[in-house]
Amino acid sequence: YVSALLAGTASAYVFNVESSVFCTSAGPPELQVGRGRVANPGLARLAQRLEFPAWLRPESLIYGMLILGGPAQQSPLHYDLGGEAKALVQLHGRKRVLLFAPSEAEKLYFPSWFEEAPAPYRVPHASEASLDAPDRARFPLLAGARGLAAVLEPGDVLYWPPFWAHHVRNLDPFTAAASFSLEE
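Everything numeric in this text was worked out from a predicted model, so none of it was measured.

Description of a nonpolar patch on the surface
Link 1 in the chain: Residues Trp55, Val157 and Tyr159 make up a contiguous nonpolar surface patch of about 300 Å² in total accessible area.
Link 2 in the chain: Relative to the elements of secondary structure, Tyr159 occurs in strand β7 (residues 157-160).
Link 3 in the chain: On the basis of relative accessible area, Tyr159 is assigned to the partly exposed category, the value being 35%.

Quick look at the structure:
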C-alpha cells in the first residue's frame, strides 16, 4: 500500500480502520469501545513514544489513529457520530481542513435520520452535497454556509469540538497525520 501511495496510484485511504489505531484509552471502560477497544500491536510502539501536550488530558483520550493518504483520498463533509472532539496532528505533507459549526448544519444538507433513504446506501452523518463540485441548483443553501479553513503542515495541530462538520483533503503526494478522538 505504501509503495502505491508514494507512486500516487493508491485507491484506498488508511483511515477509519481498526488496524490504524495506535493508542487506546487507559481510562474508564465506557471509552474502550468501537475502534478504541484495541490498538494495532505493530503501531502501539508509537504510543510509547508519544508525549501528550499539556492541554490534552490523557484521561480524555478515546483512541489515536494513524492516517496515511495522498491527493486521491479525501474525507467528504461529515460529522463524527460519537460526539467526540478531535485533535488532528499533521506529521508529513499538507492537508486542507474545512470546519463548520453545528449551527451551519441546515445549509450543509445532512440527510435526516428519520426519512427513508432515496439511495440504496446513504450515511446520515455525511453531507449529500459535494464541496468539490457543488450542485447549486440542488443545494442552494450551501453557498451561504460559513466555515473555517486551515492548511495543516507538519507539526500543526487542529482541534475541533464535538459535532463540528469537517471536510479533509490531502494536498501532497504522501500525507501522514495522527487523529485523536477525545471525550470532552
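More follows now that the structure is in view.
Here we look at the nonpolar core
Link 1 in the chain: Ranked by internal contacts, the top residues of the largest apolar core, which has 14 residues, are Phe22, Cys23, Leu61, Leu66, Leu68, Phe180 and Leu182.
Link 2 in the chain: Secondary-structure elements contributing two or more residues to this core are β1 (21-24), β2 (61-69), β4 (85-92) and β9 (175-182).
Link 3 in the chain: Broken down by element, this core gets its largest block of residues, four residues, from β9.
Link 4 in the chain: Within the second largest apolar cluster, twelve residues are counted, among which are Leu98, Phe100, Tyr109 and Ala129.

A short note on the side chain of Lys95
Link 1 in the chain: Mapped onto the elements, Lys95 comes out in strand β5 (residues 95-100).
Link 2 in the chain: Buried and unpaired, Lys95 has no salt bridge, with Asp172 as the nearest side chain of opposite charge at 9.6 Å.
Link 3 in the chain: One polar contact links Lys95 to Asn170, side chain to side chain, over a distance of 2.6 Å.

Rules behind the numbers
Just so you know, the residues in each chain are numbered from 1, in the order the chain's sequence is written. Only residues with pLDDT of 70 or above have their local features reported here, since the model is predicted, and side-chain atom pairs are shown and tallied only from 80 upward, although totals for entire chains, interfaces and linings are computed over all residues. By convention in this description, side-chain values take in all heavy atoms of the structure and omit both hydrogens and water. Nonpolar side chains (Val, Leu, Ile, Met, Phe, Trp, Tyr) are joined into patches within 5 Å and like charges within 9 Å, using only residues with over 30% relative accessible area and no salt bridge. Accessible areas in this description were obtained via Shrake-Rupley with a 1.4 Å probe; residue shielding takes into account the shown protein chains only. One speaks of a salt bridge when a side-chain nitrogen belonging to Lys or Arg is within 4 Å of a carboxyl oxygen belonging to Asp or Glu. Numbered from the N terminus, helices here are DSSP runs of H or I no shorter than four residues, and strands are runs of E no shorter than two. Here the term buried applies to any residue with accessible area under 20% of the maximum for its type, exposed to any over 50%, and partly exposed to those in between, with areas from a 1.4 Å probe on protein chains only. Side-chain atoms within 4.5 Å are what join buried Ala, Val, Leu, Ile, Met, Phe, Trp, Tyr and Cys residues into a set we call a nonpolar core. Counting rule for charge: Lys and Arg are taken as positive, Asp and Glu as negative, and neither His nor the chain ends is counted. Throughout this description, a polar contact denotes any pair of N or O atoms lying within 3.5 Å of each other; where both atoms belong to protein, one of them has to be capable of donating a hydrogen while the other can accept it, and for residues adjacent in sequence the pair is counted only when both atoms sit in side chains.

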